[in-house]
Amino acid sequence: MFERLSETFAGVYKKLSGRGSISESNVREAMEDVRTALLEADVNHEVIDTFIQQVVDDSIGRQVTKSLEPGQEIIGIVHRRLVELLGGSAAQAKEAAELTALGVPAPMAVPLAAEPGILSVSPGPTIVMMCGLQGSGKTTTCGKLAAYLKKRGRSVMLAAADLQRPAAVEQLQTVAAQVESDFPGGARVTFYSEPDKVAAYGKAVGVAVGVCQRAVEAARKQGIDTVILDTAGRLHVNDELMGELQSIARLVQPHQRFLVVDAMTGQDAINSAKAFHERLEVDGIILTKFDSDTRGGAALSVKHVTGAPIKFIGVGEKLDAIEEFHAERMAGRILGMGDVVSLVEKAQEQVSQEEAERLQEKLAKGEMTMEDFLGQLKALRRMGPLKHLLGMIPGVGAALKDAQVDDKQLDKIEAMINSMTRKERDKPEIIDNSRRRRIAKGSGTKQEDVSQLVTRFGMLSKITKQMAGMSAASKVKAVKQLGAANAGMGGLPGFGKGSTRTVSVKDRFKKRKK
Amino acid sequence: MALFKSIVSRLRKGLEKTREVLTSGLGDLLRGRRLDEALIQEIRTKLLQADVGIQTTNRLVEGISADYKSGKLSKGEDVLEYLKREMAALWPSQDRSLRIATSGPTVIMVTGVNGAGKTTSIAKLCSLLRGQGKTVLLAACDTFRAGAVRQLEIWSERLGVDVVKGQQGGDPAAVAFDAASAALARHVDFLIVDTAGRLHTQDPLMRQLTKIRSVLAKKIPGAPHEVLLVLDATAGQNAMRQAVEFSKALGGESPAGVPAPANGKGTPGSESAGGVTGIFLSKLDGTAKGGIVVAIKEATDIPVKFVGVGETPDDVEVFDPESFVEAMFG
Ligand SMILES: Nc1nc2c(ncn2[C@@H]2O[C@H](COP(=O)(O)OP(=O)(O)O)[C@@H](O)[C@H]2O)c(=O)[nH]1
Ligand SMILES: [Mg+2]
């Protein structure tokens, strides 16, 4: 997602750079391209108007036209405004944090808090209420939050307050059981429901209020840290059902009220978010289905009308596919500056420090085996779809727009290594014709594929060995050469040519100017 | 045509209830006004607001602009008529009926992204067909999402039809195979196949869809006769990609299908729709206008066949372009 925007901003930069001087109308003209791109990204047109006006005003105020680097200057302004639009000012976040620290009751501090994660109140339980339109992904997100909290040692109760949609209760129950059994962390995950209260559409409006109250009571008795209320999806124009949400909010006093929004939503996002916010004073937003190729303009709209922070984004169907939202990073991503921080965090989740150090040592000695490589590959793939990951690397997002980044190729590599014997994995150089034939057959690949893998693996280990002793700067240089030669990882099937190149934003801008 | 009466009245009722009218229509904007450049800009905004998309909007607005300059259009009312005509022309009347098998069971495969409204829409189709005295069998091929099989089962119990199901986590293609066999054995008129929600960017899942399709085709020649893509009316520009990618994955024997337009923009014209034969536009009872189907029709020629206007099996209408445009601007 957002590739298109990155491209546009790069275009804006180009338009405004390399000119002797620029006029206000040059700025406005460039902003028209930005407007189109934002519209295509489903950003609400009201939001766009405000945004563009701000950028133009800022540009005039800062006398961009007289600046020697007008392009750079404007990108800076756009970036700052984008961060603000996505996450509120840093000052606001700080203020909220201070309030909480001073002991201001959480519910009062919350609307301002842009701190990541889910706050915790004492005495518990912390009450989290989920709401949103039908099909936005509330139930799945409940499960993800539960997994997120469990991992952090916080016990969770999932309470089924969607009494309307057939089998919604069963869905949440299954999800709760999955989190309890399959996801890491020591804390308990429990489930609360009153199956006898389930009714057909429109027949049980209001009943959910009591269910929520009793769930919270049960959580208190069980000493649960956080209870998450999964409410039924509803239309913002359904007065009765919106009233039900208000009753829950009034009687249960949730500490966090999350609005769950489908990231693929179009212009209407502004209408529904506004209505939910008016009734409930939403204090956090969760955007789902970010693993689609939506450009996600709804994020900007929803943030704009509610002022509530975007807390999490959902990036897959698995229950651990949730990420904390960071405005800075997202804005960087929009501008094609990549999101290295997220990437590193993801990597840390998959590979432990000791494991990393052990590998580092092996690499330095040139002892990396196919086995290690397979382990790395698997860890990489647990981090998410390759294209999503590569999109986080600076400069890659835009370059990758049309590239074939194919997870299938990685399947192939995995299959080939899986078909190798222990000995072959340790010493790939022993792979001769007959072994190659066997591996190809076993993995359903061609013999050329196997020899390619072996050759490139050989080059990769040689280069990494050399690199182990280098300074950081020469490492970067080596990696660049690696890309240029299309050898090593850059040339492994599945990595589009040169796609792993890391070029600093500055470098890139310099290049464009020429 | 009284088809969209219920949407319009529902919408009104809903809107009256909210404290603030969330959207004001193009009708109000245009009635009694003289056309000028400023008004043309306002029309443009309204179209964009309805998710029609920038390309189609530009095309429509350029048309209005040209007719305004040549003096053919001068009153707001005329513009409304112009827009209605332009859009209604996109959906010629004959191509919206369900495709029916010449003999044996008609197989309808229902697809879409997560939460689009597939299962509910199946209950609606089922109810429509039952109302016409047809026999229906359901296939629960969403073996992935927790509770999905049970959800379809509850609908089948309420509607009095049978459902073929497998294990949660099992192979959906195997369920499709069993269901097709059962449909043949029981001589039902219709087999409706529910599938798991999937994002069009998830390659392996899209391939699974291709597999389900070919299993059905092997068992029942010509099946699936109808492939419906359920599209949420709130969907933004990304829905264009959904239409293209689902069509590609469901393209049957020649998956060449639709060439993918760059950057989610469709190229106007009428390329083959590939695998998807119709759109079921769900959740039109909210404030979203579902304008993206206009752009999709322009780019891919996939017709809208049904609209969903609520959560019960009765909340379904056969798509009617005039009423759709009316509701979009009303
Ligand atoms: N208001 C409204 N809700 C709908 C409509 N169609 C489906 N839904 C709701 O959307 C949610 C998701 O629907 P479901 O059929 O489970 O989606 P699936 O995941 O695509 O099978 C449910 O809460 C449905 O009740 C519609 O036309 N109007
Ligand atoms: Mg379903």
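Predicted model, so just to flag it, every value in this text is computed and none were measured.

## A word on the overall build of chain A
Then step 1. Broken down by element type, chain A carries 25 helices and 8 strands.
Then step 2. Considering only intrachain contacts with a sequence separation of at least 6, the fraction spanning at least 24 residues in chain A is 74%.

## Quick look at the overall build of chain B
Then step 1. The number of helices and strands found in chain B is 12 helices and 8 strands.
Then step 2. A separation of at least 24 residues holds for 75% of the contacts in chain B among residues at least 6 apart in sequence.

## Quick look at the site of ligand 1
Then step 1. Within the structure, ligand 1 sits among 23 residues, and Gln-134 of chain A together with Gly-117, Lys-118, Thr-120 and Gly-308 of chain B are positioned closest to it.
Then step 2. Chain contributions to the surroundings of ligand 1 come from chains A and B.
Then step 3. Ranked by residues supplied to the shell around ligand 1, first place goes to helix α6 (residues 118–131) of chain B with 3 residues.
Then step 4. Of the residues in the shell around ligand 1, the class split is 4 nonpolar, 13 polar and 6 charged.

## Focus on helix α8 (residues 172–186) of chain B
Residues and elements named next belong to chain B.
Then step 1. In this model α8 runs 21 Å from its N-terminal to its C-terminal C-alpha over 15 residues, within 8% of the 21 Å that 1.5 Å per residue would give.
Then step 2. Every buried residue belonging to α8 is among Pro-172, Ala-173, Val-175, Ala-176, Ala-179, Ala-180 and Ala-183, and all of these are buried. Down the axis of α8, the sector holding all buried residues measures 150°, keeping them to one side.
Then step 3. Once α8 ends, the next one or two residues include His-187, with phi positive near 55°.

## Notes on the domain arrangement of chain B
Residue and element names in this part refer to chain B.
Then step 1. Examined at the domain level, chain B breaks down into domain 1 (24–89) and domain 2 (95–329).
Then step 2. Put simply, the middle of domain 1 and the middle of domain 2, counted by C-alpha atoms, are 33 Å apart.
Then step 3. Taken together, the contact between domain 1 and domain 2 spans 14 residues of the former and 14 residues of the latter.
Then step 4. Those elements giving two or more residues to the side of domain 1 that touches domain 2 turn out to be α2 (26–30), α4 (54–69) and α5 (76–88).
Then step 5. For the side of domain 1 that touches domain 2, the leading source of residues is α5, giving 5 residues.
Then step 6. Grouping the constituent residues of the side of domain 1 that touches domain 2 by class yields 7 nonpolar, 5 polar and 2 charged.

## Quick word on the interface of chain A and chain B
Then step 1. Contacts between the two partners involve 40 residues from chain A, matched on the other side by 41 residues from chain B.
Then step 2. Those elements that place two or more of their residues in the side of chain A that touches chain B are α2 (24–40), α8 (168–182), α11 (269–280), α12 (297–306) and α19 (407–418) of chain A.
Then step 3. It is α8 of chain A that contributes the most residues to the side of chain A that touches chain B, 5 residues altogether.
Then step 4. Residue composition of the side of chain A that touches chain B, by class: 12 nonpolar, 16 polar and 12 charged.

## Thoughts on the sheet that holds strand β5 (residues 226–232) of chain B
Residue and element names in this part refer to chain B.
Then step 1. Spatially, β3-β2-β4-β1-β5-β6-β7-β8 is the arrangement adopted by the 8 strands of the open sheet, whose pairing is mixed. Edge positions in the sheet fall to β3 (162–165) and β8 (316–318), since each of these pairs with one other strand and no more. Neighbour to neighbour, the strand axes of the sheet diverge by 25° on average, direction disregarded.
Then step 2. Sheet analysis places strand β2 (residues 136–141) next to strand β4 (residues 190–195), joined by 6 bridges and oriented parallel. Counterpart to Cys-141 in the pairing with β4 is Thr-195.
Then step 3. Helix α10 (residues 239–249) contacts β1 (106–111) and β5 of the sheet and is inclined by roughly 165° relative to β5.

## Topic: the pairing of strand β4 (residues 226–231) of chain A
All names here are of chain A.
Then step 1. Burial analysis of β4 places 6 of its 6 residues in the buried class, which makes it a mostly covered element.
Then step 2. Pairing analysis gives 5 bridges linking strand β1 (residues 126–132) to β4, with the strands arranged parallel. Bridging from a neighbouring strand, Val-128 pairs with Ile-228 of β4.

## With respect to the environment of Ser-59 of chain A
Residue and element names in this part refer to chain A.
Then step 1. On the secondary structure map, Ser-59 appears in helix α3 (residues 45–61).
Then step 2. By the C-beta count within 10 Å, which is 25 here, Ser-59 ends up buried.
Then step 3. Placed 32 residues apart in sequence, Ser-59 and Val-27 show a C-alpha to C-alpha distance of 8.0 Å.

## Remarks on the pairing of β4 of chain B
Residues and elements named next belong to chain B.
Then step 1. Across the 6 residues that make up β4, a large majority, 6, are buried.
Then step 2. Along β4, one buried face is formed by Phe-190, Ile-192 and Asp-194 and the opposite face, lined by Leu-191, Val-193 and Thr-195, is buried too.
Then step 3. Bridge analysis of β1 against β4 gives 5 bridges, and the strand direction is parallel. Within β4, the residue paired with Val-107 across the bridge is Leu-191.

## What to know about unusual backbone geometry
Then step 1. For the peptide bond that leads from Ser-122 of chain A to Pro-123 of chain A, omega is 0°, which places it in the cis range.
Then step 2. Summarising the element assignment, Pro-123 of chain A is placed in the loop between α6 (106–109) and β1.
Then step 3. Between Ala-223 of chain B and Pro-224 of chain B the backbone carries a cis peptide bond, its omega angle lying at -15°.
Then step 4. Residue placement: Pro-224 of chain B occurs in the loop between α9 (203–219) and β5.
Then step 5. In this structure, Ala-167 of chain A is a non-glycine residue whose phi angle is positive, near 65°.

## Focus on the sheet that holds strand β3 (residues 189–192) of chain A
Residue and element names in this part refer to chain A.
Then step 1. Taken in spatial order, the 8 strands of this open sheet run β3-β2-β4-β1-β5-β6-β7-β8, and their pairing is mixed. Strands at the two margins of the open sheet, each flanked by one partner only, are β3 and β8 (322–324). Taken over all neighbouring pairs, the strand axes of this sheet differ in orientation by 25° on average, direction set aside.
Then step 2. Pairing geometry for strand β6 (residues 284–288) and strand β7 (residues 310–314), over 3 bridges, is parallel. Along β7, the bridge assignment pairs Ile-286 with Phe-312.
Then step 3. Running over the sheet, α8 touches β2 (156–161), β3 and β4 and is turned about 165° from β3.
Then step 4. Sheet strands touched by helix α9 (residues 207–222): β1, β2, β3 and β4. Its angle to β2, the strand with the most contacts, is close to 165°.

## Some details on the packing of α4 of chain B against α5 of chain B
For any two helices packed against each other, one specifies the crossing angle of their axes together with the interaxial distance.
Residues and elements named next belong to chain B.
Then step 1. At a minimum axis separation of 11 Å, α4 and α5 run at an interaxial angle of 135°. The angle between the axes of α4 and α5 places the two elements in the oblique class. Every pair of crossing elements has a handedness; the one defined by α4 and α5 is right-handed. Only Val-79, Tyr-82, Leu-83 and Glu-86 of α5 make contact with α4, whose side of the interface consists of Leu-60, Gly-63 and Ile-64.
Then step 2. Looking at side-chain class alone, the contact of α4 with α5 contains 5 nonpolar, 1 polar and 1 charged residues.

## Regarding helix α7 (residues 148–159) of chain B
Residues spaced three or four apart along an α-helix face the same direction, because each turn holds 3.6 residues.
Residue and element names in this part refer to chain B.
Then step 1. The first and last C-alpha atoms of α7 sit 17 Å apart over 12 residues, in line with the 16 Å expected at 1.5 Å per residue.
Then step 2. Contacts from the buried residues of α7 go to α6, β2, β3 and β4.
Then step 3. One or two positions beyond α7, positive phi appears at Gly-160, with a value near 70°.

## Overview of the environment of Ala-243 of chain B
Residues and elements named next belong to chain B.
Then step 1. Mapped onto the secondary structure, Ala-243 falls in helix α10.
Then step 2. Its 27 C-beta neighbours within 10 Å are what place Ala-243 among the buried residues.
Then step 3. When the C-alpha positions of Ala-243 and Gly-112 are compared, they lie 9.0 Å apart, and in sequence the two are 131 residues distant.
Then step 4. Sequence-distant contacts of Ala-243, defined by excluding residues within four places in its chain, comprise Leu-229, Val-276, Ile-296, Thr-300 and Ile-302.

## Here's the deal with the confidence of the model for chain B
Residue and element names in this part refer to chain B.
Then step 1. Per-residue confidence for chain B gives a mean pLDDT of 83; residues scoring 70 or more make up 84%.
Then step 2. Contacts for the low-pLDDT stretch residues 1–24, under 50 throughout, to residues beyond four places or in other chains number 40 contacts.
Then step 3. Taken as a whole, residues 252–273 scores under 50 in pLDDT and shows 45 contacts with residues more than four places along the chain or in a different chain.

Conventions adopted
- Along each chain, the written sequence defines residue order, and numbers are assigned to residues from 1.
- By the order in which they are written, chains take letters starting at A while ligands take numbers starting at 1.
- The predicted nature of this model means local features are confined to residues of pLDDT at least 70 and side-chain atom pairs, given and counted, to a pLDDT of 80 or more, with totals for whole chains, interfaces and linings taken over all residues.
- Numbering of helices and strands runs from the N terminus; a helix is a DSSP stretch of H or I covering at least four residues, while a strand is a stretch of E covering at least two.
- By the convention adopted here, residues make contact when the C-beta atoms placed from their backbones lie within 7 Å.
- Contact assignment follows one rule, namely that a residue is near a molecule or strand if its backbone-placed C-beta atom lies within 6 Å of it.
- Residues are grouped as follows: nonpolar covers Ala, Val, Leu, Ile, Met, Phe, Trp, Tyr, Cys and Pro; charged covers Asp, Glu, Lys and Arg; every other residue, Gly included, is treated as polar.
- Here the expected span of a helix is defined as 1.5 Å times the quantity of residues minus one.
- Neighbour counting defines burial: a residue surrounded by 20 or more other C-beta atoms within 10 Å of its own C-beta is buried, one with 12 or fewer is exposed, and intermediate counts give partly exposed, using backbone-placed C-beta atoms.
- Our arc is simply the arc of the directions from the helix axis toward the C-beta atoms.
- The split of the chain into domains comes from an automatic or database domain assignment.
- A pair of strands is treated as paired once DSSP finds two or more bridges between them.
- Axis definition: a line fitted to C-alpha atoms, over the contacting stretch in the case of helices. Angles run 0 to 180 degrees between N-to-C directions.
- Orientation is classified from the angle alone, with under 35 degrees giving roughly parallel, over 145 giving roughly antiparallel, 65 to 115 giving roughly perpendicular, and any other angle giving oblique.
- Each crossing is labelled by how the near helix is turned from the far one, with a counterclockwise turn of less than a right angle marking it left-handed and a clockwise turn marking it right-handed.
- Known as pLDDT, the predictor's confidence for each residue is given on a scale from 0 to 100.

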